[in-house]
Amino acid sequence: MKDYDKTEDYLNGKLGGEEKAAFEERLKNEPELQEQVKLQRGVNQYLAEKKRRDALTSAVKEAGRSYHGSKSIKPFGAGSLWKAAVLIGIVLTTTVILFYYGSGLSNRFVLAEEFTPYLPGLNTRNSDSTSHWEDCFILFENTNFKGSLECFDSNPTPDSMLTWKMFVSGQSWLALNDPAKAQGCFAKIDQSEEALLLQEHIDWYLALSLAALDSIPEAIQRLKKLSTESDFYRKKADALKLKLEKQ
Amino acid sequence: MILRSGGNPDDARDIFQDALIVFLEKADSPEFNLSSSAETYLYSICKNIWLRQKKKKSRTGESTDGMESTDPLSEYFLEEINALQLRKIMDSYFNRLPLQCRQIIGYSLEQYSYDEIRLKLDLASVEYVRNRYYLCKKKLVEMISSDPSIKDMI
């Protein structure tokens, strides 16, 4: 830190003509000094933006707490925080609207709260990654659900991969808020020999689809099955079952 | 995704909050323009941050769970994601400073004069505040400069 003071003065514009020229000459030839300037400039920038960023972080955390019902959002003060508040509002409202709008069903919340896609790795699928239909899986993995469904429609899938196609398409329909189509996909592969290793995931997504379609007893039946058979889903299944039973 | 790949609910909550911050930082920039839905982007940002965190923990530098580490959607937010990570490291050093240091720097960032800081913290003199500010900031720079991971990030 031998040049700390000099560097600080340079960055704060406090070096006079000759001193500044000498410092800049050294800067050209001394990599260590270049690093020092870069570091101190980075720290100064960090400190200059710290207040605004801390406020943004607090606003997001506060909104998160509020969303989970434990605390209410306080009014935002600074102008940039209004933007943050509005955007957080848009994100949260969009999520809610996406899952409620046009459905007329009371249990779409199940999808909003519980659905996350299961992303199978390429190795899991044991497939030929050079095939064109493989792109459809990649689109799915990149959360382009609509693109993935369109891709499957326009590319022939080998028979050996039809189970995976149904599994992935079902999830895409869930993500696109169409539990009826999702249920159709999962029902086709439910209990099939080819889908043996995927059965617990199929049970879970079928339960979500059924709950979103207000078929609560069938959904609960699936969840009970998961509760006894799946280590992976037991906790989630129990929690959702409880929630549905309370209604 | 996070729960399925070895994370806990706290990880999921933290990563989602980080992703929201990244998203909002980008939203504040003039070139902000989305080609997909906000949810899709948020999911990709979460995935990117989570994979980085996992890599850092494992120190192997390998991708995890068969998931691709590069994601075209989150690339759009790369600068903000990198800035967030750098900021978190700097935050960790800032928080290691003594309380009085953090208070003096904090008030100074809020544009309080040294005299106002002296009054707020009940300190002996303006000179003391000035010296403390100088030493505290220098200490912060020293700590950060000793972290080898910082050099590539700045």
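Basis of the calculations
Residues numbered from 1 in each chain as written. Chains lettered and ligands numbered in written order. Predicted model: local features only at pLDDT ≥ 70, side-chain atom pairs only at ≥ 80, totals over all residues. Heavy atoms only, no water. Helix = DSSP H or I, 4+ residues; strand = E, 2+ residues; numbered from the N terminus. Polar contact = N/O pair within 3.5 Å; in protein donor to acceptor, adjacent residues only side chain to side chain. Buried < 20%, exposed > 50% of the residue type's maximum accessible area, 1.4 Å probe, protein only. Arc of directions from axis to C-beta. Phe/Tyr/Trp six-rings, centres within 6.5 Å; stacked < 30°, edge-to-face > 60°. Lys NZ or Arg CZ within 6 Å of the ring centre and 35° of its normal. Disulfide = S-S within 2.5 Å.

Turning to the environment of B:Ser149, a few remarks are in order. Residue and element names in this part refer to chain B. Tracing the sequence through the fold places Ser149 in helix 8 (residues 148-151). Residues Ser149 and Leu86 lie 63 residues apart in sequence; the distance between their C-alpha atoms is 9.3 Å. Side chain to side chain, Ser149 and Asp147 meet in a polar contact 2.6 Å long.

All names here are of chain B. Among the residues making up helix 5 (residues 99-109), those that are buried are Cys101, Ile104, Ile105, Ser108 and Leu109. Down the axis, helix 5 shows its buried residues gathered within 135° of arc, on one side only. Among the residues trailing helix 5, Gln111 stands out with phi positive, at a value near 70°.

Let us look at the packing of aromatic side chains. A full pass over the atoms with the stated rule returns ten aromatic pairs over all chains. Here the aromatic rings of A:Trp164 and A:Phe167 are separated by 5.9 Å at their centres, their planes lie at 75°, and the arrangement is edge-to-face. Remark: A:Phe167 and A:Trp164 occur in helix 9 (residues 162-175); sequence separation between them is three residues, near one turn of the helix. Of the two residues, A:Trp164 and A:Phe167, both sit in the buried class. Positioned above the aromatic ring of B:Phe94, the side-chain terminus of A:Lys50 is 4.4 Å from the ring centre.

Before going further, it helps to examine the state of the cysteines. Evaluated as defined, the whole model comprises two disulfides over all chains. Here A:Cys136 pairs with A:Cys151 through a disulfide, and the sulfurs are 2.1 Å apart. With the S-S bond torsion at -65°, the cross-link from A:Cys136 to A:Cys151 turns out left-handed. Within this pair, whereas A:Cys136 is found in helix 7 (residues 134-141), its partner A:Cys151 is found in helix 8 (residues 145-154), the two being separated by 15 residues in sequence. Of the two residues, A:Cys136 and A:Cys151, neither departs from the other in class, the shared state being buried. Across the disulfide, B:Cys101 is cross-linked to B:Cys136 (sulfur-sulfur distance 2.1 Å). Residues B:Cys101 and B:Cys136 are joined by a disulfide whose S-S torsion is about -70°; by sign, that bridge is left-handed. Of this pair, B:Cys101 sits in helix 5 while B:Cys136 sits in helix 7 (residues 126-145), and the two are 35 residues apart along the sequence. Owing to a relative accessible area of 2%, B:Cys136 belongs among the buried residues under this scheme.

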